[in-house]
Amino acid sequence: MYGASSPKRPEYDGYKHELSQGWMLGRMVDLSDGQWDTFRSHLPAFAGSMLLYVAMNRLFRVAVVQRVSSDFLRMPTLKRGVLPTLWFPFLFATAFAVGLSGTSTVFILAIAFGNYLIAKQLGGRRWAPAAFWAYNMAVLFANEYYKGYVFGHMLESLAWLDKWRGVLRRWDVTFNITMLRMVSFAMDYHWRIRQENELSVQQIDALVANPKTDKDRVEHSCFAQDYCFTNYWAYLLYPPLYLTGPIITFNSFVSQMRYPSPSISTKTTIVYGIRLLVSTLLMELILHTVYCVAISKWGQWETFSVYEISLFGYMRLSFIWLKLLIIWRFARFWAMADGVETVENMRRCMSNNYSLQQFWRDWHCSYNKWLVRYVYIPLGGRKTSSWNTFVVFTFVALWHDLTLRLLQWAWIIALLFLPEGLATWYFGKPRWSRKPYFRLLCSLGGALNIIGMMIANLVGFGDEGVDKMLSKIFSREGFAFLAITYFLFNVHLQVMFELREHEYRKEYAAHEAAAGPTASAQQWEMGDMGDRQSAQVSSPSAPADLEHARSVSSSPTLTKRQRAGGG
């Protein structure tokens, strides 16, 4: 790849205009990806504003909250409604939004307030979720169609306001993340009201106190008074997570404002910051040595070999993975510094995946969990997965961008779940999983899965020349290369299987230490290694973490009819 990106290659003149002056190894740097270029160029400003926010919020808690609301810190359940720990985030978030979007903050406020009114007025009614979704999808389409709205188009006398649209003039581009939080608030409040049909207010409120796990924070409703506009606005615009996520539910956010997460410490935050720094330096090294983005955008593959084209495709996907990992880790790091625990969005390396279901569970993990909670389960969960999967991925495509190309990507992904689900159903039975050649069968299917996932993601997130790239790879010239690659994927998968077994052994040891050998044996009754591997290698035909989905479905605090919006 280093040689294929050399200035001595004849192709260099075709894409060198996409490169910028670099600072490593005396080479140019590939900043042709607009999203990464924007993040990289604004990184000092983002980091400075987040440092200012975290420092001022900590100072505010010491100087104001501890003095004015010391009773809340001693007994967090005594205070309901507007939480003292959200006073400063509410004010800073408002100023932060105005600085980013200027006069366009009026549009953000109007849309958010409309969602708040609908949730408060309709929450608890059987058809309320349909109203929430109709409103938020309409907002999504209107934002795209009107491109963030223009004051001058509404009223000519207001045209002067368009000159003060802040640093982020197209606020609608990042508003999709805010839309997810709006749905979370509306649905969490709706489920809180419906719970009162099954349990007394005292029983529901008792669950709020002292959440034992992160799952409790998500599933247990807040106090009814906590669903107020101040908490809602601070949640929507929470500075560290506002632009990119990771996504956190309203219930979990308010719970952490009342009971800080014990999993965050100074040590874990510093270590996470070091990991972020190393990832960023790795990205810089890649972009100075491999010009995969610029070459992919150029899209002229005639002079490259099949081997080089395949590696460029792989590096293009690796770049997308690493780019998103850094952006999300940057946001998560500042949330951790502020004492808020969120989900790690990229839980597993892109190259350490062979199951489609597992891949999407570990890619943008917080979004995946959001989809499970607010889309997949209300639509019937695993019982309706045959069509539910297509609905979920259609929403995912529309949420990302309103283009036919992404819809094609979504439907390809949804179709790929069908053969994986059938393989799971057939080969996941003990009569297969106990066979000595079971691993070989799994690797044969897993290698096809990897190739299918790479093609689907190149179609969805690649550049305009991806059709030429794929046509050359799958030509007669590329047949021998594909055959060798398929064999090597099988070898690579055997290593992945061993890594999964190591994860199982560690998890089993943790269960044994926590619950004792008897309880652990009961929890791990899957049997021998083959059975456990069957559960990992094959996966159910669902687009998300089904283990999490089943745990949510069996929650004693929320009935299935309530989650689905039924009466």
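Residues numbered from 1 in each chain as written. Predicted model: local features only at pLDDT ≥ 70, side-chain atom pairs only at ≥ 80, totals over all residues. Heavy atoms only, no water.

On to the overall build of the protein, then. Along its length, the protein carries 28 helices and two strands. Residues classed as buried in the protein amount to 55% of the 567 residues present. Nonlocal contacts in the protein, meaning residues at least 24 apart in sequence, comprise 76% of its contacts between residues at least 6 apart. Counting only carbon and sulfur atoms, one obtains 66% of the accessible surface of the protein, whose full area is about 25800 Å². (Helix = DSSP H or I, 4+ residues; strand = E, 2+ residues; numbered from the N terminus. Buried < 20%, exposed > 50% of the residue type's maximum accessible area, 1.4 Å probe, protein only. Contact = heavy atoms within 4.5 Å. Areas by Shrake-Rupley, 256 points an atom, 1.4 Å probe, with all protein chains shown as cover.)

Moving on to the confidence of the model for the protein. Chain-level statistics for the protein give a pLDDT mean of 83 and a share of 89% at 70 or above. This stretch, residues 518–567, has a pLDDT under 50; its non-local contacts, to residues over four places away or in other chains, come to 123 contacts. (pLDDT = per-residue confidence, 0-100.)

Where helix 7 (residues 128–146) meets helix 19 (residues 385–400), the closest approach of the two axes is 10 Å, and the angle between their N-to-C directions is 40°. Put simply, helix 7 runs oblique to helix 19. Counting all contacts with helix 7, which are made through Trp133, Met137, Leu140 and Phe141, the residues of helix 19 involved are Phe395, Leu398 and Trp399. Counted by class, the contact of helix 7 with helix 19 contains seven nonpolar, no polar and no charged residues. (Axes fitted to C-alpha atoms, helices over the stretch in contact; angles between N-to-C directions. Parallel < 35°, antiparallel > 145°, perpendicular 65-115°, else oblique. Nonpolar A, V, L, I, M, F, W, Y, C, P; charged D, E, K, R; others polar.)

Before going further, it helps to spend a moment on empty space enclosed by the protein. Taken as a whole and assessed by the stated rule, the structure comprises four cavities of 30 Å³ or more. Considering only enclosed or pocket space, the largest cavity measures out at about 80 Å³ in volume. Lining the largest cavity, in full, are Leu207, Val208, Pro211, Asp216, Arg217, His220, Ser221, Cys222, Asn251, Ser255, Arg258 and Tyr259. Tallying contributions element by element places helix 13 (residues 250–258) first for the lining of the largest cavity, with three residues. Broken down by class, the residue content of the lining of the largest cavity amounts to five nonpolar, four polar and three charged. (1 Å grid on protein atoms, 1.4 Å probe; cavity = no way out; pocket = protein on both sides within 12 Å on 5 of 7 lines; lining within 4 Å. Points joined across faces, edges and corners; volume = space filled by probe spheres on them.)

Let us now look at the packing of aromatic side chains. Tallied over the full model, the rule gives 52 aromatic pairs. Here Tyr116 and Phe229 contribute two aromatic rings whose centre-to-centre distance is 5.3 Å and whose plane-to-plane angle is 80°, an arrangement assigned as edge-to-face. Remark: Phe229 occurs in helix 12 (residues 229–236) and Tyr116 occurs in helix 6 (residues 105–122); sequence separation between them is 113 residues. Owing to a relative accessible area of 12%, Tyr116 belongs among the buried residues under this scheme. Positioned over the ring face of Phe223 is Arg80, at 3.8 Å from the centre of the ring. Over the ring of Tyr272 we find Arg332, and its NZ or CZ is 4.9 Å from the ring centre. (Phe/Tyr/Trp six-rings, centres within 6.5 Å; stacked < 30°, edge-to-face > 60°. Lys NZ or Arg CZ within 6 Å of the ring centre and 35° of its normal.)

As a further point, take helix 12. Counting buried residues in helix 12 gives six out of eight residues, a clear majority hidden from the surface. Check the buried side of helix 12 and you find it contacts helix 5 (87–101), helix 6, helix 9 (175–195) and helix 13.

With that out of the way, let us pick up the pattern of salt bridges. Within the structure shown, the criterion is met by 20 salt bridges. Across the pair Asp33 and Lys323 runs a salt bridge, and its minimum N-O distance is 3.4 Å. With a gap of 290 residues between them, Asp33 in the loop between strand 2 (29–30) and helix 2 (34–41) and Lys323 in helix 16 (residues 306–337) connect regions that are remote in the sequence. Residue class for Lys323 comes out buried when judged on its relative accessible area of 7%. Overlapping salt bridges, with partners in common, bring together Arg80, Arg192, Glu196 and Asp205 in one network. (Salt bridge = Lys/Arg side-chain N within 4 Å of Asp/Glu carboxyl O.)

Bringing the nonpolar core into the picture now. Membership of the largest hydrophobic core comes to 140 residues, with the highest contact counts inside it found for Trp360, Trp363, Tyr367, Trp370 and Phe395. For this core, the element with the highest residue contribution is helix 16, accounting for 20 residues. Counting residues in hydrophobic clusters, the runner-up holds 10 residues, among them Tyr354, Cys442, Ala447 and Ile450. (Core = buried A, V, L, I, M, F, W, Y, C linked by side-chain atoms within 4.5 Å.)

Turning our eyes to something else, we now look at the environment of Leu356. Residue position: Leu356 is located in helix 17 (residues 356–362). In this structure Leu356 comes out as buried when scored by relative accessible area, which is 0%. Each C-alpha atom, one on Leu356 and one on Ala414, is 9.7 Å from the other, the two residues being 58 residues apart in sequence. Apart from residues no more than four positions distant in its own chain, Leu356 is found in contact with Ile413, Leu416, Phe417, Glu420, Asn449 and Met453.

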